[in-house]
Amino acid sequence: MTATMTYHNLIGGKWVDARSGRTFTSASPANRDDVIGTFPASGVEDVDAAVAAAKGAFSGWSLTPAPKRGEILFKVARLLAEHKEELARLMTREMGKVLPEARGDVQEAIDVAYYMAGEGRRLFGMTVPSEMPDKFAMAIRRPIGVAGIITPWNFPIAIPAWKLFPALICGDTAVIKPASDTPACVVRFAEILMEGGIPDGVLNVVTGSGDAVGHPLVEHPDVRIISFTGHTETGIDISTRAAQTLKRVSLELGGKNPIVIWEDADLQLALDSVVWSAFGTSGQRCTAASRLIVHRNVHDQFLEMLRKRVASLVLGDGLEEKTDVGPVINDRAVERIAGYAAIGRNEAELVIGGEPANDGALARGSFFQPTIFTDVKPDARIAQEEIFGPVTSVIPVDDWEETVRIVNSVKYGLSTSLFTRVVNLAFRSIRDFDSGLGYVNHGTIGAEAHLPFGGTKATGNGHREVGQAALDFFSEWKSVYVDYSGKLQRAQIDTTFVDQG
Ligand code: UN1
């Protein structure tokens, strides 16, 4: 066990306590006695100070040439790479995912930092011909202002990076409010970023609850942008509050992601992918495979392969090498998942799991057995609602049209996957599965940092993260016309050059 640390807010380049002096603690989900640290239980006055610092830093940062902002991000990327192991270990301790996955989480942040560093020398706008002679037309990207960034605990470093680095390269300044379950990851991440040379006030971090910190941030008149990843209900609440001050809001919300296993699929490959997609991060990914839509001709064979593999998975502390599946985030999550397992028993057939895991050392933490239900009706609650735990539902199918209908029958549309060697079906899945991410012969997780990330329907509000898409969210367009004809040329009216046919 490592020592308990005292962490602070980052406001205007200074590490400070909450004005009220109040604190809260974060403990390891693998062992509740392992307290990671104490953190400021901040309130509206801390949010006000952080937003004021971010607003004050905006003019200097937005006028810093973008290639120079990129150089800072490049240095940040290198520092994150140097601290990768330390950050990964802190992450496993604080949120539970097994160490190789925590390393991947940090790597995702490093990837975004390098990508956005490069964008400093591009940030492409567009030049287009004008419809008038002797007139120049272009559109340029402009920074917007202060971004409020509200991040989840399941990717405690990757997701802050997804949101922060594009904001910074676009010239915005930021206030991050991390999830209360993983504040240490974000504070440590911010320390490394400041070491990389991010100027005071450009990045601020305020820890505390959604009510006490999140609400004032979302409602603050000087915050122009909100980017949030989390539960759908919270996203709707944020969107509603932010509408009062006409903020630009990006929401990354739930998923109920299917893997379709067709009768010709490579079942061994499908098995490896299902285990990774359904039980990686203990099923706590927006992209987790929580529905397995399996062709009836291979259902029994595949289910037996899956049951055997899942029975061999080792639960435990993610820092131990032999562990396959770590804890879930806290005891409330265990209760919620157990509630769904109880619902599942009435709706379908339990294949394996279904209970909290309390054997030996597991009793010290928040563990749930990897769980599979089969003969699940497509409209059953366990096949429709996001459980966010190590639970997956097998739905047997007979034909393709029925499969497409079932894939699209949920309110979410984040990630979909098909295992087949039939190329025509592969392309049909790309066209017909309603989702923002589509995979063929690969599970539902594993999005890369330079492609747009996000989903359709209740998974969000139409925005995408990372890649070029993130630049469109964190900057706004200004269309510029320079008329060098020396006379009044009226667009759409003085049309003498147009062939009127
Ligand atoms: C999330 O679960 O919110 O594709 C993000 C993946 C990861 C990102 C997941 N690269 O699963």
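Structure first, text after, so check above.
The text that follows walks through the structure, step by step, so that each part is easy to find. In this text, all values refer to a predicted model and were calculated from it rather than measured experimentally.

**Quick notes on the overall build of the protein**
Link 1 in the chain: Scanning the protein for helices and strands turns up 15 helices and 22 strands.
Link 2 in the chain: Taking 2.2 N^0.38 as the reference for a compact globule, 501 residues should give roughly 23 Å; the C-alpha atoms of the protein span a radius of gyration of 24 Å, in line with that estimate.
Link 3 in the chain: Along the longest, intermediate and shortest principal axes, the C-alpha atoms of the protein span 80 × 70 × 40 Å.
Link 4 in the chain: For the protein, contacts bridging at least 24 residues in sequence account for 74% of all contacts bridging at least 6.
Link 5 in the chain: For the protein, the accessible surface area stands at approximately 20400 Å², while carbon and sulfur atoms represent 53% of it.
Link 6 in the chain: Counting 50 positive and 62 negative side-chain charges, the protein places the averaged centre of each group 4 Å from the other.

**Description of the pairing of strand β19 (residues 415–419)**
Link 1 in the chain: By the criterion of burial, β19 is predominantly enclosed, with five of the five residues buried.
Link 2 in the chain: Residues Ser 415, Ser 417 and Phe 419 line one face of β19 and the alternating positions Thr 416 and Leu 418 line the opposite face, and both faces are buried.
Link 3 in the chain: As defined by bridge partners, β19 adjoins strand β20 (residues 437–440) across four bridges and the pair is classed as parallel. Note that in β20 the partner of Leu 418 across the bridge is Val 440.
Link 4 in the chain: Viewed along the sheet, the connection from β19 through helix α14 (residues 423–432) into β20 turns out right-handed.

**Some thoughts on the site of the ligand**
Link 1 in the chain: All residues in the neighbourhood of the ligand are listed as Glu 108, Asn 154, Phe 155, Ile 159, Trp 162, Arg 285, Cys 286, Thr 287, Ile 445, Gly 446, Ala 447 and Phe 453.
Link 2 in the chain: For the ligand, a nitrogen atom lies 3.0 Å from a polar atom in the side chain of Glu 108.
Link 3 in the chain: Within the side chain of Thr 287, an N or O atom sits 2.7 Å from an oxygen atom of the ligand.
Link 4 in the chain: Compared with its free state, where it exposes 320 Å², the ligand has 98% of that area covered by protein.

**Remarks on the nonpolar core**
Link 1 in the chain: Leu 80, Leu 164, Phe 165, Leu 193, Ile 198 and Leu 203 are the most contacted members of the largest nonpolar core, which totals 103 residues.
Link 2 in the chain: With residues near it in sequence (within four places) discarded, Phe 165 still touches Leu 73, Val 76, Leu 80, Ala 109, Val 112, Ala 113, Met 116, Phe 189 and Leu 193.
Link 3 in the chain: Ranked by size, the runner-up nonpolar core spans 29 residues in total, among them Ile 259, Ile 261, Val 298 and Ile 352.

**Considering unusual backbone geometry**
Link 1 in the chain: Even without a glycine there, the phi angle at Asp 375 is positive, about 55°.
Link 2 in the chain: One can find Asp 375 in the loop between β16 (371–374) and α12 (381–384).
Link 3 in the chain: For Lys 457, which is not a glycine, the phi torsion comes out positive at approximately 50°.
Link 4 in the chain: By secondary structure assignment, the location of Lys 457 is in strand β21 (residues 456–457).

**Let's talk about the pattern of salt bridges**
Link 1 in the chain: Taken as a whole and assessed by the stated rule, the structure comprises 25 salt bridges.
Link 2 in the chain: With a shortest N-O distance of 2.9 Å, Arg 490 and Asp 494 are connected by a salt bridge.
Link 3 in the chain: Ionic contacts of the salt-bridge type, sharing partners, join the residues Lys 68, Glu 71 and Arg 121 into one network.

**A few points about the packing of aromatic side chains**
Link 1 in the chain: Taken as a whole and judged by the stated rule, the model has nine aromatic pairs.
Link 2 in the chain: Centroid distance Phe 74 to Tyr 114: 5.2 Å. Interplanar angle 70°. Geometry classified as edge-to-face. In this pair, Phe 74 sits in helix α2 (residues 66–82) while Tyr 114 sits in helix α4 (residues 99–119), placing the two residues 40 residues apart along the sequence.
Link 3 in the chain: Three or more aromatic residues joined by ring pairs form one cluster here, namely Tyr 7, Phe 24 and Phe 39.
Link 4 in the chain: Lys 97 extends its terminal NZ or CZ atom over the ring of Phe 155, reaching a point 3.7 Å from the ring centre.
Link 5 in the chain: Residue placement shows Arg 285 over the ring face of Trp 276; its charged tip is 5.2 Å from the ring centre.

**Let's talk about the side chain of Thr 229**
Link 1 in the chain: Residue position: Thr 229 is located in strand β11 (residues 223–229).
Link 2 in the chain: At 2.8 Å, the side chain of Thr 229 forms a polar contact with the side chain of Lys 163.
Link 3 in the chain: Once residues within four sequence positions are removed from consideration, Thr 229 is found in contact with Ile 150, Thr 151, Pro 152, Ile 159, Lys 163, Glu 252 and Glu 465.

Each value, and the rule that gives it
For every chain, the first residue of the written sequence is number 1, and numbering continues from 1 along that sequence. For a predicted model such as this one, the threshold for reporting local features is a pLDDT of at least 70, and the threshold for listing and counting side-chain atom pairs is 80 or more; totals across whole chains, interfaces and linings nevertheless cover every residue. Heavy atoms from the whole structure form the basis of all side-chain values; hydrogens and water molecules are not counted. Here a strand is any run of E in DSSP of at least two residues, a helix any run of H or I of at least four, and the numbering for each starts at the N terminus. Based on C-alpha atoms, the radius of gyration is set beside the globule rule, defined as 2.2 Å times the residue count to the power 0.38. We call two residues contacting when some pair of their heavy atoms lies within 4.5 Å. Per-residue and other accessible areas follow the Shrake-Rupley method at a 1.4 Å probe size, with only the shown protein chains counted as cover for residues. When charges are counted, Lys and Arg are positive and Asp and Glu negative, with His and the chain ends excluded. Working definition for charges: the position is that of NZ of Lys, CZ of Arg, CG of Asp or CD of Glu. Exposure classes here rest on a 1.4 Å probe applied to the protein chains alone. A residue is buried below 20% of its type maximum, exposed above 50%, and partly exposed in between. The rule for pairing is simple: two strands pair if DSSP sees at least two bridges between them. Orient the strands so they point away from the viewer; a crossover is then right-handed if the path from the first strand over the helix to the second runs clockwise. For this purpose, a residue is taken to be near a molecule or strand whenever a single non-hydrogen atom of the residue falls within 4 Å of it. Polar contact is defined as a pair of N or O atoms within 3.5 Å, subject to the rule that within protein one atom must be able to donate a hydrogen and the other to accept it, and that residues adjacent in sequence are counted only when both atoms are side-chain atoms. Working definition of a nonpolar core: buried Ala, Val, Leu, Ile, Met, Phe, Trp, Tyr and Cys residues. They are joined through side-chain atoms within 4.5 Å. Definition used for salt bridges: Asp or Glu carboxyl oxygen within 4 Å of a side-chain nitrogen of Lys or Arg. Working definition: rings of Phe, Tyr and Trp (its six-membered ring) pair if their centres are within 6.5 Å, and the pair is stacked with planes under 30 degrees apart, edge-to-face with planes over 60 apart, and tilted otherwise. Here, a charge over a ring means that NZ of Lys or CZ of Arg falls within 6 Å of the ring centre while also lying within 35 degrees of the ring normal.

Nothing here speaks to function; it is geometry throughout.
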